[in-house]
Amino acid sequence: MFRVVPRFRATALSLVAVGLTTVLCSRVVPVNATTAAMAYLLVILFIGTVATLSEGIIASVAAMLLFNFYFLPPIGKFTISDPQNWIALFAFLTVALVSSKLSTNFRRQQEKLLNSQREIERLYALSRSMLLGDSGGEVRRLIVNKVIELFEFSEAALFEASSGVIQRSTPNSAIPEERLRQASVRGAVEYDEARRMTLVPITLGGVHLGTLGFCGPRLGEGNLQALANTIAIGLAQSEAREAHSRAEAVRKSEELKSILIDALAHDLKTPLTAIDAAADLLLRPDLVSADQRRDMLAVIREEVAGLKRIMEEAIHLARLDANRIRLHHEEIEIQDLVSSTLAALGHQTSGHEIEIEIPAQLSKVNADRELITQALKQLIDNALKYSPANTAITISASQVDGVVSITVHDRGEGLTALERGQVFEKFYRARNDGLGVQGSGMGLAIAKEIVEAHGGSIRVESEPGAGSRFTMSLAVAKAPAEAEHQQA
């Protein structure tokens, strides 16, 4: 019934068009038989371009009968007095039928071209989505979601043979897992008419990559093969990217280990030498006085504290690179954060004046207290190292649009544009390291990793001769009501 109504309507409209042409040529603007025949042919040609062949044939027969009745003598009868008019009539009918057939074929070819163009556009959109996917899991989700969007399937599922993972568009999918696995092994397209389900094996170079199953419109063999090939290339590219990422991670890990060992060997040499020399003298009490003994013990204690700091930085950096850090969030007052950080630094701040500029009504931040203290400690420690003795270090804070920024301003030599771009890299040391500044170059890298793990940001503003301003920004802690509203 759904198809009968449109077909009947098209036929009726075709007959109406032929009838209107008859009225126009016989009543409104009377014309001769030749002109009327041309008018009929134009109408039939138009009908053939917009309707099917059957409508064109019906319109051609109707036009022949009306042409005979209204324009060939004797007028008003379905007879022909002149035998030559029989030839003209059948010539008209032949031309009308051929014109209708050619118009219909042209329209069909046009529809095929449009369908091919749509398929190409769909496959291009699918390919583009897969290329934009970063990881394997994201690519699988994109494939399933995109085929549903582009091909109007009711549901879809993708089985990947290498991992055994099945990505489904809906949790309660009607596509059986076992049939997805079996179709991948068989390597042949399967149809289930009862469920309107199609299972397409995904292969590339003879290797079975998986199966795409979907419920909905049945695609042609060519379209199915093109879809399967596109998905196969996308899955292969995703696997290649994942393999490259794993290899790159291994390479960087090995490189980091080598650099870390070199840096630690360099930074441990000086304090160990000092500790060894002091211990050697302490073992010979006849050569040192009581005051010298106290000084040597102070040196040992200071160098041991430095060694502990180096080891803590190395451990923090290794944990951050291995993604083993787990954040334990709590609401923290900025004033308390600064105070506890300065207390942890202890006597290291004794050679500088510390200026604190923190507004009383500043909002709290939601962060891991131990880690964020470590990040701020690195910024302050960096300022202490690269500032001349007895100069001021300013620690300030501000709040703008739900973000709290903590700034550490030193009065050191400042950084060039090149140094500003590298200062947060692992093991980077500034140009004035020749001045005897100790450190492994890990502190600012650790601060950056910690702040970014909290969803914040860190930046530096500096000019040579004007000191540096290191700023870390964190989102303010949300009120309970606001947090519940966002989760809802």
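What counts, and where the lines are drawn
- Residues numbered from 1 in each chain as written.
- Predicted model: local features only at pLDDT ≥ 70, side-chain atom pairs only at ≥ 80, totals over all residues.
- Heavy atoms only, no water.
- Helix = DSSP H or I, 4+ residues; strand = E, 2+ residues; numbered from the N terminus.
- Buried < 20%, exposed > 50% of the residue type's maximum accessible area, 1.4 Å probe, protein only.
- Contact = heavy atoms within 4.5 Å.
- Areas by Shrake-Rupley, 256 points an atom, 1.4 Å probe, with all protein chains shown as cover.
- Phe/Tyr/Trp six-rings, centres within 6.5 Å; stacked < 30°, edge-to-face > 60°.
- Pairing = 2+ DSSP bridges.
- Axes fitted to C-alpha atoms, helices over the stretch in contact; angles between N-to-C directions.
- Salt bridge = Lys/Arg side-chain N within 4 Å of Asp/Glu carboxyl O.
- Expected span 1.5 Å × (residues − 1).
- Patch = residues over 30% accessible without salt bridge, like charges linked within 9 Å, V, L, I, M, F, W, Y side chains within 5 Å.
- Parallel < 35°, antiparallel > 145°, perpendicular 65-115°, else oblique.
- Left-handed = near helix turned anticlockwise from the far one by under 90°.
- Nonpolar A, V, L, I, M, F, W, Y, C, P; charged D, E, K, R; others polar.

Draft legend 1. Geometry of the overall build of the protein. Tallying secondary structure elements over the protein gives 13 helices and 12 strands in all. By residue count, 40% of the 488 residues in the protein fall in the buried class. Across the protein, every contact between residues at least 6 apart in sequence was considered, and the portion connecting residues at least 24 apart equals 63%. Total accessible area on the protein stands at roughly 27,300 Å², and carbon and sulfur atoms take up 57% of it.

Draft legend 2. Region of interest: the packing of aromatic side chains. Going through the model one piece at a time under the given rule, you end up with four aromatic pairs. Each ring, one from Phe69 and one from Tyr70, has its centre 5.0 Å from the other, and the planes form 75°; the classification is edge-to-face. In this structure Tyr70 comes out as partly exposed when scored by relative accessible area, which is 30%. Relative to Phe214, the ring of Phe153 lies with its centre 3.9 Å away and its plane at 10°, an arrangement referred to as stacked. Placement of the pair is Phe153 in the loop between helix H5 (136-151) and strand S1 (155-160) and Phe214 in strand S5 (residues 207-215), with a sequence separation of 61 residues.

Draft legend 3. Looking closely at the pairing of strand S2 (residues 165-168). Alignment of S1 against S2, held across four bridges, turns out to be antiparallel. Residue pairing in the sheet places Phe159 in a bridge with Ile166 of S2. The loop that links S1 with its antiparallel partner S2 comprises four residues; one of these, Gly164, has a positive phi angle of about 75°.

Draft legend 4. Fine view of the sheet that holds S1. Strand order in the open sheet formed by five strands is S2-S1-S5-S4-S3, and the pairing between neighbours is antiparallel. Of all the strands in the sheet, the pair left with one neighbour each is S2 and strand S3 (190-192). Shown here is a sheet whose adjacent strand axes are inclined to one another by a mean of 15°, direction ignored.

Draft legend 5. Structural view of the environment of Gln361. Along the chain, Gln361 turns up in the loop between strand S7 (353-357) and strand S8 (365-368). In sequence terms Gln361 and Gln399 are 38 residues apart; their C-alpha atoms lie 9.7 Å from each other.

Draft legend 6. The pattern of salt bridges, seen in detail. Tallied over the full model, the rule gives 10 salt bridges. A salt bridge links Arg179 to Asp192; its shortest N-O distance comes to 2.9 Å. Here Asp192 lies in strand S3 and Arg179 lies in helix H6 (residues 177-186), a separation of 13 residues in the sequence. On the basis of relative accessibility, which here comes to 24%, the residue Arg179 falls in the partly exposed class. We classify Asp192 as buried; its relative accessible area is 15%. For the salt bridge of Arg369 with Glu330, the shortest nitrogen-to-oxygen distance reads 3.4 Å. Pair noted here: Arg369 is in helix H10 (residues 369-385) and Glu330 is in strand S6 (residues 329-332), with a separation of 39 residues, a long-range link. Judged by its relative accessible area of 31%, Arg369 falls in the partly exposed class.

Draft legend 7. Structural detail: helix H3 (residues 53-71). Counted at 1.5 Å a residue, the expected span for H3 with its 19 residues is 27 Å, and the 26 Å between its end C-alpha atoms agrees. Where H3 is concerned, the buried positions are Glu55, Gly56, Ala59, Ser60, Ala62, Ala63, Met64, Phe67, Asn68 and Phe71.

Draft legend 8. Fine view of a nonpolar patch on the surface. On the surface, Ile57, Val61, Leu65, Phe78 and Leu97 cluster together into a nonpolar patch covering about 400 Å² of accessible area. Examining the composition of the nonpolar patch, we find that three residues originate from one element, H3, more than from any other. Along the chain, Leu97 turns up in helix H4 (residues 83-132).

Draft legend 9. Layout of the packing of helix H9 (residues 334-345) against H10. Viewed as axis vectors pointing N to C, H9 and H10 meet at an angle of 60°, and their least axial separation amounts to 9 Å. Regarding the angle of H9 to H10, the classification is oblique. Pair H9 / H10 crosses with right-handed handedness. Contacts between H9 and H10 involve Leu337, Val338, Ser340, Thr341, Leu342 and Leu345 from the former and Ile372, Thr373, Leu376, Lys377, Ile380, Asp381 and Leu384 from the latter. A per-class count over the contact of H9 with H10 returns eight nonpolar, three polar and two charged.

Draft legend 10. Broad picture of the environment of Val165. Residue placement: Val165 occurs in strand S2. The class for Val165 is partly exposed, based on a relative accessible area of 35%. Other than its neighbours up to four places away in sequence, Val165 contacts Leu158, Phe159 and Glu160.

Draft legend 11. Inspection of the sheet that holds strand S10 (residues 403-409) at higher detail. Read across the sheet, five strands follow the order S7-S9-S10-S12-S11 without closing on themselves; strand pairing throughout is mixed. If you trace the sheet from one side to the other, it starts and ends with S7 and strand S11 (457-462), each paired once. Averaged over all neighbouring strand pairs, the angle between strand axes comes to 15°, with direction disregarded. Two elements, S10 and strand S12 (residues 468-475), share seven bridges in a ladder whose sense is antiparallel. Each bridged residue has a counterpart across the sheet, and for Val408 the counterpart in S12 is Phe470. Contacts between H9 and the sheet are confined to S7, strand S9 (392-400) and S10, with S7 contributing the most and set at about 170° to the helix. Those strands touched by H10 are S7, S9, S10, S11 and S12, and its axis lies near 170° from that of S12.

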